[in-house]
Amino acid sequence: METYIILAYQFAAVLLPCVVVYALLRGRGKHESGAAAGRLPLVLLLAAYFCAVFYLTGSGTLYDLLRHGLELERANINWLPFSHDISLVGYVLNVVLFLPLGFLLPVIWPCMRSLSRVALSGLSVSLLIELSQLLNPRSSDVDDLLMNTLGAVLGYLAFRVLAGLLRRDVKRTPAGKGAPALYIAALFLGNFLLYNEMGIAGLLYGF
């Protein structure tokens with residue numbers, strides 16, 4: 001029960017800024033005409049996905065920084081690709097983790113129907129997570145960065161294949177060009193600023 005409460009709290013922390021961005025963009029007419037309301041369920045799905053990613057990767061938060069400080073020990077950082085023991089299972093899991101990102105971005109935003117934009121988004125999200133892990137005892141590894149980006153690319157290719165099978169139009173449009181970056185920033189900052197894992201655990205478990 002306590003685990004579900006913690007997950008619900010993290011989801012709320014991630015979702016709140018995302019909903020604020022959605023409301024602001026919709027109010028200013030930044031979404032394509034008639035698409036804002038219909039896209040909300042997918043935006044909520046994206047928020048749930050990001051929550052799962054933050055939970056599984058142990059993404060660092062402001063509260064980790066306050067507790068642990070900045071972890072810059074060499075043992076916790078690897079910026080040399082494939083220099084450590086290769087873990088095939090770990091690589092596959094990192095690829096699979098970012099497959100939904102590469103698929104969801106072009107589904108939600110037509111401006112993201114570009115391999116380079118999806119790859120850059122996957123790289124950026126993974127880099128944010130890896131850097132945030134310098135704030136807690138977890139390690140930061142460039143291999144994770146590469147595999148996450150590969151996962152986003154494969155997710156995008158899966159979108160293109162499915163769109164081709166369904167004969168859907170996958171043309172890129174300029175509308176809503178800045179929206180994906182705003183949402184990603186809001187989702188990350190929601191987790192970073194609002195989620196205090198040890199705080200909620202202390203309330204639940206009494207320590």
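All values derive from a computational prediction rather than experimental measurement. Each residue is numbered by its place in its chain's sequence as written, counting from 1. Only residues with pLDDT of at least 70 are given local features in this predicted model, and only at 80 or more are side-chain atom pairs given and counted; all residues enter the totals for whole chains, interfaces and linings. Computation of side-chain values: all heavy atoms of the structure, hydrogens and water removed.

**Student:** Go over the environment of L135, please, and point to the residues and values.
**Tutor:** Looking at the secondary structure, you find L135 in the loop between α5 (115-132) and β2 (140-141). Separated by 69 residues in the primary sequence, L135 and L66 place their C-alpha atoms 8.6 Å from one another. Not counting chain neighbours up to four residues away, the residues in contact with L135 comprise T61, D64, L65, H68, G69, L70 and F192. To qualify as a helix, a DSSP run of H or I must reach at least 4 residues; to qualify as a strand, a run of E must reach at least 2; elements of each kind are numbered from the N terminus. Residue contacts follow a heavy-atom distance rule, with two residues in contact if any of their heavy atoms lie within 4.5 Å.

**Student:** Quick one: what's the story with the confidence of the model for the protein chain, residue by residue and with numbers?
**Tutor:** Of the residues in the protein chain, 88% have a pLDDT of 70 or more, and the chain-wide mean is 86. Per-element mean pLDDT across the protein chain ranges from 71 in helix α8 (residues 197-205) up to 96 in α5. Confidence scores here are pLDDT values: one per residue, from the predictor, ranging 0 to 100. Predicted confidence for residues 32-38 stays below pLDDT 50, and this span has nine contacts to residues more than four positions away or in other chains.

**Student:** I'd like to hear about the side chain of N94, residue by residue, with values.
**Tutor:** If you trace the backbone, N94 turns up in helix α4 (residues 88-108). According to the relative accessible area criterion, N94 is buried, its value standing at 16%. There is a polar contact of 3.1 Å between the side chain of N94 and the side chain of D144. Beyond its immediate chain neighbours, meaning those up to four positions away, N94 contacts D144, M147 and N148. Three labels apply to residues, based on accessible area from a 1.4 Å probe with only protein chains included: buried if under 20% of the type maximum, exposed if over 50%, partly exposed otherwise in between. Pairs of N or O atoms within 3.5 Å make up the polar contacts considered here, provided that, within protein, one atom can donate a hydrogen while the other can accept it, and that residues adjacent in sequence are counted only when both atoms are side-chain atoms.

**Student:** I'd like a rundown of the nonpolar core, residues and numbers included.
**Tutor:** Soluble globular proteins tend to bury their nonpolar side chains together. Core analysis: the largest hydrophobic core is formed by 39 residues, its most contacted members being L46, Y49, F50, F98, L101, W109 and Y183. Among the elements of the structure, α1 (2-27), α2 (36-57), α4, α5, α6 (142-166) and α7 (179-194) are those that each provide at least two residues to this core. The nonpolar core is taken to be a set of buried Ala, Val, Leu, Ile, Met, Phe, Trp, Tyr and Cys residues, with the residues joined through side-chain atoms within 4.5 Å.

**Student:** Explain the packing of α4 against α5 to me, using residue names and the numbers behind them.
**Tutor:** Packed helix pairs are specified by the crossing angle of their axes together with the interaxial distance, meaning the distance between the axes. Put simply, α4 and α5 touch, their axes get as near as 10 Å, and they point 135° apart. As far as their axial angle goes, α5 and α4 are oblique. Between α4 and α5 lies a crossing whose hand is right-handed. Within the contact between the two elements, α4 uses F98, L101, G102, L105 and P106 and α5 uses V118, S121, G122, V125, S126 and I129. Class assignment for the residues of the contact of α4 with α5 results in seven nonpolar, four polar and no charged. Angles shown run from 0 to 180 degrees and are taken between the N-to-C directions of axes, each axis being a line fitted to C-alpha atoms and, for helices, limited to the stretch in contact. Note on angle classes: values under 35 degrees are labelled roughly parallel, values over 145 roughly antiparallel, values of 65 to 115 roughly perpendicular, and the remainder oblique. Handedness of each helix crossing follows the sense of rotation of the near helix against the far helix: counterclockwise by less than a right angle gives left-handed, clockwise gives right-handed. Each residue is assigned to one of three groups, with Ala, Val, Leu, Ile, Met, Phe, Trp, Tyr, Cys and Pro labelled nonpolar, Asp, Glu, Lys and Arg labelled charged, and all others, Gly among them, labelled polar.

**Student:** Describe in detail the side chain of N78, supporting the description with residues and values.
**Tutor:** Assignment of secondary structure puts N78 in strand β1 (residues 77-78). Classification of N78 by relative accessible area gives buried; the value is 5%. Within the local environment of N78, its side chain forms a polar contact with the side chain of D141, the two groups lying 3.0 Å apart. Sequence-distant contacts of N78, that is, excluding residues within four places in its chain, are made with S83, H84, S140, D141, V142 and D143.

**Student:** An account of α5 is requested, with residue identities and associated values reported.
**Tutor:** The end-to-end C-alpha separation of α5 is 26 Å, in line with the 26 Å expected for 18 residues at 1.5 Å each. Along α5, the residues classified as buried are V118, A119, S121, G122, V125, S126, I129, E130 and S132. By this rule, a helix spans an expected 1.5 Å times one less than how many residues it contains.

**Student:** Now, about the packing of aromatic side chains: what can you tell me, with residues and values included?
**Tutor:** We call Phe, Tyr and Trp rings a pair once their centres come within 6.5 Å, taking the six-membered ring for Trp, and we label the pair stacked below 30 degrees between planes, edge-to-face above 60, and tilted otherwise. Applying the stated criterion to the full structure yields nine aromatic pairs. Aromatic side chains F188 and F192 sit 6.1 Å apart centroid to centroid with 15° between the ring planes, which places their arrangement in the stacked category. In this pair, F188 and F192 both sit in helix α7, four residues apart, roughly one turn of the helix. F192 carries the same exposure label as F188, and that label is buried. By way of ring pairs, the aromatic residues Y49, F50, F54, F188 and F192 are connected into one cluster.

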